[in-house]
Amino acid sequence: MKNNPPIFSNLTDIFKNKFGKKSLIGNKLSKQIFDYDRSLKPNFPRQIQIETTNICNHGCTFCAYTIMKRPKRHIDEKIFSRIVKECYELGARDIGLFSGAEPLTCKKIDQYIRLCKKIGYEHIYISTNGSIGNFNKLKDIVDAGISSIKFSINAGKKETYKDVHGKDDFEKVINNVKNISKYKNENDSKFWLSVSFVGMKNTKNEFPILKKILKDSVDEMVYYDASNQSGQMKDFPDPPYTDCHLPFNKAHFSVEGYMKACCNDYENLLVVDDINGKDILSIWNGPRFKALRKQHLDDKLSNTLCANCIRSKKTIAEPINKKLHAKSQNK
């Protein structure tokens, strides 16, 4: 079975109301952005995201991972199992098994995918740079039941790729995409195969080059401009939105087992609470999370990471849970 012509999307257009309706990734993001309960106590979200690991083998120049000081580790298997089971019971059905790092550094990733599939999650997805391991590693993920794999490839030429990613893996990644695409077609697999490209002033002109290389191998290719990574990369522009949906309709969990308000929060400045000893719904509806939502609703975000992200502040962000922030910084 041959791939249909791929969809080419510019996700930045979502925020300009110029977005096409064919993109799987764009449609899910669009629904999150525009269709949610912006209140102090919204329903538990359909979508959750778990930081299975905060380790990455690349160091992309636009990414705040390059300046992260938090100790690197993997999530505890028991904590992961509790999160996915409890959140499913609360109504979660979409789950991302990554958060700002490289999910394939987690040796149990295929095991975690199988567990989510067994529990009943309808959409299980990852974003990967695709450079770890080989075809067999990706095949294990597909066979485990992944719904969507997005490869993050942020250049169209080998030399530029090394400058951006910090590793000379361009040819390996391209081959991995093509090989898993071949496997997908030969086995009529239903997972969505896509590529994302984060563009900067000196690289955005290479997206058309990458499109030509992979246009026969993927379902979708998406472009979006690099932004300030939730205020942590101060030399990059603000994101293309002024109101954030994340505290209202998505639950994020860190490798330490903390619920937090943002997937780009590399230093746990937006950690709400520790799930150990507490049920997840009580944290979602708890006073600290409601206080953060009220700051968003009242547009009083001073001294938060959110202010540096969507309000162009350049202040030193204060953690909303100082105790857990400090604890997460210790090895």
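Structure's up top.
Rules and cut-offs
- Residues numbered from 1 in each chain as written.
- Predicted model: local features only at pLDDT ≥ 70, side-chain atom pairs only at ≥ 80, totals over all residues.
- Heavy atoms only, no water.
- Helix = DSSP H or I, 4+ residues; strand = E, 2+ residues; numbered from the N terminus.
- Buried < 20%, exposed > 50% of the residue type's maximum accessible area, 1.4 Å probe, protein only.
- Contact = heavy atoms within 4.5 Å.
- Areas by Shrake-Rupley, 256 points an atom, 1.4 Å probe, with all protein chains shown as cover.
- Lys, Arg positive; Asp, Glu negative; His and termini not counted.
- Charge placed at Lys NZ, Arg CZ, Asp CG, Glu CD.
- Phe/Tyr/Trp six-rings, centres within 6.5 Å; stacked < 30°, edge-to-face > 60°.
- Lys NZ or Arg CZ within 6 Å of the ring centre and 35° of its normal.
- Pairing = 2+ DSSP bridges.
- Axes fitted to C-alpha atoms, helices over the stretch in contact; angles between N-to-C directions.

Draft legend 1. Region of interest: the overall build of the protein. Check the secondary structure of the protein and you find 12 helices and 10 strands. Summarising its shape, the C-alpha atoms of the protein cover approximately 50 × 45 × 40 Å along the three principal directions. Counting only residues that meet the buried cut, the protein has 56% of its 331 residues in that class. For the protein, long-range pairs separated by at least 24 residues make up 72% of all intrachain contacts whose partners lie at least 6 apart in sequence. Looking at the protein as shown, the accessible area adds up to about 14,900 Å², and 50% of this sits on carbon and sulfur atoms. In the protein, 56 positive and 38 negative side-chain charges are present, and the distance between their average locations comes to 1 Å.

Draft legend 2. Region of the structure containing the packing of aromatic side chains. Per the stated rule, a full pass over the model turns up 11 aromatic pairs. With 5.7 Å between their ring centres and 65° between their planes, phenylalanine 44 and tryptophan 284 make a pair best called edge-to-face. Separated by 240 residues along the polypeptide, phenylalanine 44 in the loop between helix 1 (24-34) and strand 2 (47-50) and tryptophan 284 in helix 9 (residues 280-284) bring together distant segments of the chain. For the pair formed by phenylalanine 44 and tryptophan 284, the shared burial category is buried. Ring geometry for phenylalanine 197 and tyrosine 223: centres 5.9 Å apart, planes at 25°, overall stacked. A residue pair is termed long-range when its members are at least 10 positions apart, and phenylalanine 197 in strand 6 (residues 192-199) and tyrosine 223 in strand 7 (residues 220-225) qualify at 26 residues. Across the pair, exposure class does not vary: phenylalanine 197 and tyrosine 223 are buried alike. Through successive ring pairs, a cluster of aromatic residues spans Phe44, Trp284 and Phe289. One Lys or Arg, lysine 184, reaches over the ring of phenylalanine 191 and ends 5.8 Å from the middle of that ring.

Draft legend 3. Broad picture of the sheet that holds strand 10 (residues 271-274). Across the sheet, which stays open at both edges, the 10 strands sit in the order 1-7-6-5-4-3-2-8-9-10 with mixed pairing between neighbours. Either end of the sheet is taken by a strand with one partner, and the two such strands are strand 1 (7-10) and strand 10. For this sheet, the mean inter-axis angle between neighbouring strands, taken without regard to orientation, is 20°. In the sheet, strand 3 (residues 94-96) pairs with strand 4 (residues 123-128) via three bridges, with the strands oriented parallel. Bridge pairing in strand 4 places aspartate 94 opposite histidine 123. In this fold helix 7 (residues 207-214) packs onto strand 1, strand 6 and strand 7, with an angle of close to 170° to the strand it touches most, strand 7.

Draft legend 4. Expanded view of unusual backbone geometry. Here asparagine 268, not a glycine, exhibits a phi torsion of approximately 60°, which is positive. Examined against the element boundaries, asparagine 268 turns out to sit in the loop between strand 9 (258-260) and strand 10. The class of asparagine 268 is buried, set by a relative accessible area of 0%. For asparagine 303, which is not a glycine, the phi torsion comes out positive at approximately 70°. Turning to its location among the elements, asparagine 303 is positioned in the loop between helix 10 (287-298) and helix 11 (305-310). When its relative accessible area of 37% is taken as the criterion, asparagine 303 is described as partly exposed.

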